[in-house]
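# Residue-level structural notes
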Amino acid sequence: EKKRLAREKDTAGDVLGIRITHADRLLFSDPDITKIDLARYYGVVADRMLPFAARHPASILRCPQGPDHQCFYQKHASDGFPDEIHQVPIEEADGDIANYLYVDDARGLVAAVQMGTIELHIWGSTVDRLDAADRLVFDLDPDPSVTFETVKNAAIALRDALETLGLKSVAMVSGGKGIHVIVPLLRLAPWEDAKAFAKALSAKIADNDPDNYIATMSKAKRKGRIFIDWLRNERGSTAVAPYSVRARAGGPVATPVSWDELGDLDAANGFHIPDILQRLESGTDPWAEAKDWKQGLTKSMLKSVGTE
Ligand code: ATP
Ligand code: MN
Ligand code: MN
């Protein structure tokens with residue numbers, strides 16, 4: 001009897017031709033976002049998101065009962081995965097081959113939501129060139145005692161350091177506590193170079209200002225400092241995709257911002273789905289230019305930061 005009642009309350013709807021079950025399940029409140037709202041969000045944000053996220057092996061954060069219940073990261077396909085979520089065989093460090101997930105269109109994102117996905121995390125390379133990075137990510141992770149003002153200044157200092165080396169970068173507030181400074185690379189960088197460069201530059205910044213930065217993982221040494229997490233720049237590492245919703249209270253979005261507007265923000269988790277929809281409507285596209293940047297890591301850049 002109970003089971004039947006539950007089923008009667010279940011609703012379904014279609015987004016881009018994909019059946020969304022439990023469509024009215026409330027995932028976030030204030031603003032209220034149901035499962036079908038989330039599916040529709042990913043359906044419309046896809047055009048902005050996919051130039052950066054399509055065809056990158058993905059790790060999805062699934063919360064089948066909603067973000068207040070158990071969530072888990074999934075990087076390999078499992079039973080019942082729909083065709084819209086594609087698979088690519090990848091050789092792992094131990095030599096085993098596993099099928100990784102990726103999406104290449106709006107329907108893939110919507111299908112992921114149907115599977116309970118809230119967050120999409122991506123590699124820094126694409127399925128046709130797994131061995132070379134198409135972006136660098138500097139993930140600024142502040143200790144809780146660090147103010148957002150300080151994190152913003154760190155992001156701007158990092159932008160300037162990159163600019164001095166000849167690299168343009170974009171900023172994304174993570175939807176959590178920090179900022180990701182991202183260097184789009186059209187001339188792909190072998191992982192070895194990407195990692196060595198990110199590590200050396202991060203270490204250099206931390207060496208120059210050890211009161212404010214740390215470039216090693218140590219939680220103990222992070223007190224009062226910003227950890228420049230350069231470890232996103234490895235084959236197989238992921239970072240949250242631009243425009244991904246986060247499975248945290250209120251459903252904040254990992255949001256691309258312009259360097260100008262970053263100065264006015266007071267938190268990394270201030271953008272929510274309605275804000276992003278509004279930005280789409282008004283044509284606000286902070287990373288529009290970045291798609292055409294034709295930059296890559298050069299020997300002299302690697303040398304400048306002190307790699308071999
Ligand atoms: P914040 O700004 O709050 O730090 P964040 O997304 O940058 O948010 P981090 O903890 O710094 O969160 O993690 C950086 C990235 O590393 C994540 O976006 C995610 O892609 C990846 N990551 C971290 N922990 C895990 C995990 N347990 N499983 C899979 N990926 C993870
Ligand atoms: Mn982070
Ligand atoms: Mn991190």
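The structure contained in this document is the topic of the report that follows. Per chain, the residues get numbers from 1 upward, laid out in the order the sequence is written. Ligands are numbered from 1 and chains lettered from A, in the order in which they are written. Given that this is a predicted model, residues contribute local features only at a pLDDT of at least 70 and side-chain atom pairs are listed and counted only at 80 or more, while totals for whole chains, interfaces and linings are drawn from all residues.

## Digging into the overall build of the protein
Keep this limit in mind: Under the DSSP-based scheme used, a helix requires at least four consecutive residues in state H or I and a strand at least two consecutive residues in state E, with every element numbered from the N terminus. All radius of gyration figures rest on C-alpha atoms, and the globule criterion is 2.2 Å times the number of residues raised to 0.38. Each residue is classed by its C-beta neighbour count within 10 Å, where at least 20 other C-beta atoms makes it buried, 12 or fewer makes it exposed, and intermediate counts make it partly exposed; the C-beta atoms are placed from backbone geometry. A residue pair is marked as a contact if its C-beta atoms, positioned from the backbone, fall within 7 Å.
Looking only at helices and strands, one finds 8 helices and 16 strands in the protein. For the protein, whose C-alpha radius of gyration is 20 Å, the value lies close to the compact-globule estimate of 19 Å for 308 residues. In terms of principal-axis extent, the alpha carbons of the protein reach across some 70 × 45 × 40 Å. In the protein, which comprises 308 residues, the share counted as buried stands at 44%. At a minimum sequence separation of 6, the contacts of the protein that also span at least 24 residues come to 68%.

## Let's talk about the site of ligand 1
What counts is decided by this rule: We call a residue near a molecule or strand when the C-beta position, derived from backbone atoms, sits within 6 Å of it. When residues are sorted by character, Ala, Val, Leu, Ile, Met, Phe, Trp, Tyr, Cys and Pro go into the nonpolar class, Asp, Glu, Lys and Arg into the charged class, and all the rest, Gly among them, into the polar class.
Neighbouring residues of ligand 1: 14 residues in total, closest His-121, Ser-174, Gly-176, Gly-178 and Val-240. Mapped onto the shell around ligand 1, the elements with two or more residues apiece are strand E10 (132–142) and strand E15 (239–240). In terms of residue class, the shell around ligand 1 is built from 4 nonpolar, 6 polar and 4 charged.

## Focus: unusual backbone geometry
Cis geometry is adopted by the peptide bond preceding Pro-31, which originates at Asp-30 and carries an omega value of 5°. Following the sequence through the fold, Pro-31 ends up in the loop between strand E3 (26–28) and strand E4 (33–34). The phi angle at Leu-16 is positive, at roughly 50°, despite the residue not being glycine. Classification of Leu-16 by C-beta neighbours within 10 Å gives partly exposed; the count is 19. Even without being a glycine, His-22 presents a positive backbone phi close to 50°. Checked against the element boundaries, His-22 lands in the loop between strand E2 (18–21) and E3.

Purely geometric numbers; function is a separate question.
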